[in-house]
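Fold and contact review
One-letter residues, chain by chain:
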Amino acid sequence: MALDESSLQKFGYMEREPLNAINIDPLQTGGILTEEARQALVQWGDGYSVCDFCPGTLDQIKKPKIKDFVHEALPEFIGADEVRVTNGARESKFAVMHSVANEGDWIVLDNLAHYSSHVAAQRARLNTETVSSTGHPDYWIDPEGYAKAIENVIDESGKPPSMALLTYPDGNYGNLPNAKKVASVCHEYDVPLLLNCAYSIGRMPIDANDIGADFVVGSGHKSMASSGPIGVLGVSEEYSDIVFRKSPTHKKKEVELLGCTARGATLMTMIASFPNVVKRTREWDREVENARWFSEKLENLGMNQVGDKPHNHDLMFFEAPNIYEISQKAKSGRYFLYKELKSRNIHGIKAGLTKFFKLSTFRVGRENLSTVVDAFDEIIKKYE
């Protein structure tokens, strides 16, 4: 069927939430572009922009300075021996799983892992054994749980799992488990560890080598102020030849990356934002202070923050029995909270959620967080 002018219009420019809104969305705050990245987005937005300069391998482009960024800046920033940009954290995880494990092998991962970790394993045709958390209300991951899970795999298959994965932090509760201890436990069994840092690289200091992680992945569009999708993948020297192996027929191309990954606007916005991203990781202590302050204020209003206490990350999960009770009587029902916050130019809590919800305080600032707290206070009193 031919597309006429009227039907094509719906695929044109669409409005989004105002950029001047107070944004507490758990998925968005770390990915908001810097002004430098917005300029790069325009300059490098054409589909062929970076490809014009490619000598056959993306990470070897000298101008623009992609080679320096990938092989010098990023390894130092995340504490990894070898780094590549990818099309997202999930693609990074799959590249590791597919290269270090064989079909039918087992891997171990925490039961708070993002769904994409499971899907990556399924795509690589791997079996999974999970490490349980303590459950409600802490959801803490005990590092010794990895030893038990590894032993379970040995009993089941006769050999240790090909790798383990730890989510750092998890995307629901924002918990930061003892990654160093997990790495130590895994290495006692000669099991390499992959650290999923989709919500940490670009927000807080991360040093994979210091932690003892063999692989580390990050998300540019979640946490590095980049136009997505884009991710980073760091690998220790021990495994770099395995993960970044070259094609036997196309000598310059790395097989797991399908020869080329994120490029154009996604990569150039990451590079443009990088100086700002580095600086903000040095202010992480302030972000944690703000998160703890905000958590205390909301708990004083009758809500309960689930997960680590005191909290160590900007991502938080709240149970709100008082808000839920209001939703049972409010005219707008379970959408009343979303509408009340939107009327105050506050965005980020998903429409329809009242009983519990996730949010992020990252880069929101104490003044705006105070406005959010006051908004909740006003809303609760309005419906009392």
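Conventions and cut-offs
Residues numbered from 1 in each chain as written. Predicted model: local features only at pLDDT ≥ 70, side-chain atom pairs only at ≥ 80, totals over all residues. Heavy atoms only, no water. Helix = DSSP H or I, 4+ residues; strand = E, 2+ residues; numbered from the N terminus. Rg over C-alpha atoms; globule rule 2.2 N^0.38 Å. Buried < 20%, exposed > 50% of the residue type's maximum accessible area, 1.4 Å probe, protein only. Contact = heavy atoms within 4.5 Å. Areas by Shrake-Rupley, 256 points an atom, 1.4 Å probe, with all protein chains shown as cover. Lys, Arg positive; Asp, Glu negative; His and termini not counted. Charge placed at Lys NZ, Arg CZ, Asp CG, Glu CD. UniProt positions renumbered as here; feature names shortened; annotations may be inferred. 1 Å grid on protein atoms, 1.4 Å probe; cavity = no way out; pocket = protein on both sides within 12 Å on 5 of 7 lines; lining within 4 Å. Points joined across faces, edges and corners; volume = space filled by probe spheres on them. Nonpolar A, V, L, I, M, F, W, Y, C, P; charged D, E, K, R; others polar.

1. As for the overall build of the protein
The secondary structure content of the protein amounts to 15 helices and 12 strands. Here the C-alpha radius of gyration of the protein, 22 Å, is about what a compact globule of 384 residues would show, namely 21 Å. Viewed in the frame of its principal axes, the protein has a C-alpha envelope of about 70 × 60 × 50 Å. The 384 residues of the protein split such that 54% are buried. Restricting to contacts in the protein with at least 6 residues of sequence separation, those with at least 24 account for 67%. Accessible surface, the protein as shown: approximately 18,400 Å² in total, 48% of it carbon and sulfur. With 44 positive and 53 negative side-chain charges, the protein shows a separation of 6 Å between the mean positions of the two kinds.

2. Thoughts on the UniProt feature "binding site: pyridoxal 5'-phosphate" (unreviewed entry) in the protein
Within this structure's numbering, the places UniProt gives as "binding site: pyridoxal 5'-phosphate" (unreviewed entry) are A89, R90, N196, S219, G220 and H221. A89 gets classed as buried once you look at its relative accessible area, which sits at 10%. Ignoring sequence-local partners within four residues, the contact set of A89 consists of N196, A198, V217, G218, S219 and G231. As for its placement among the helices and strands, N196 is situated in strand β6 (residues 193-196). Judged by its relative accessible area of 3%, N196 falls in the buried class. Those residues in contact with N196 that sit more than four places away from it in its chain are A89, K93, H114, S117, L165, L166, T167, Y168 and V217.

3. Points about the layout of surface pockets
Counted as a void, the second largest pocket has a volume near 350 Å³. In terms of residues, the lining of the second largest pocket owes the most to one element, strand β12 (residues 356-360), which gives 3 residues. When the residues that make up the lining of the second largest pocket are grouped by side-chain class, the tally is 8 nonpolar, 2 polar and 4 charged.

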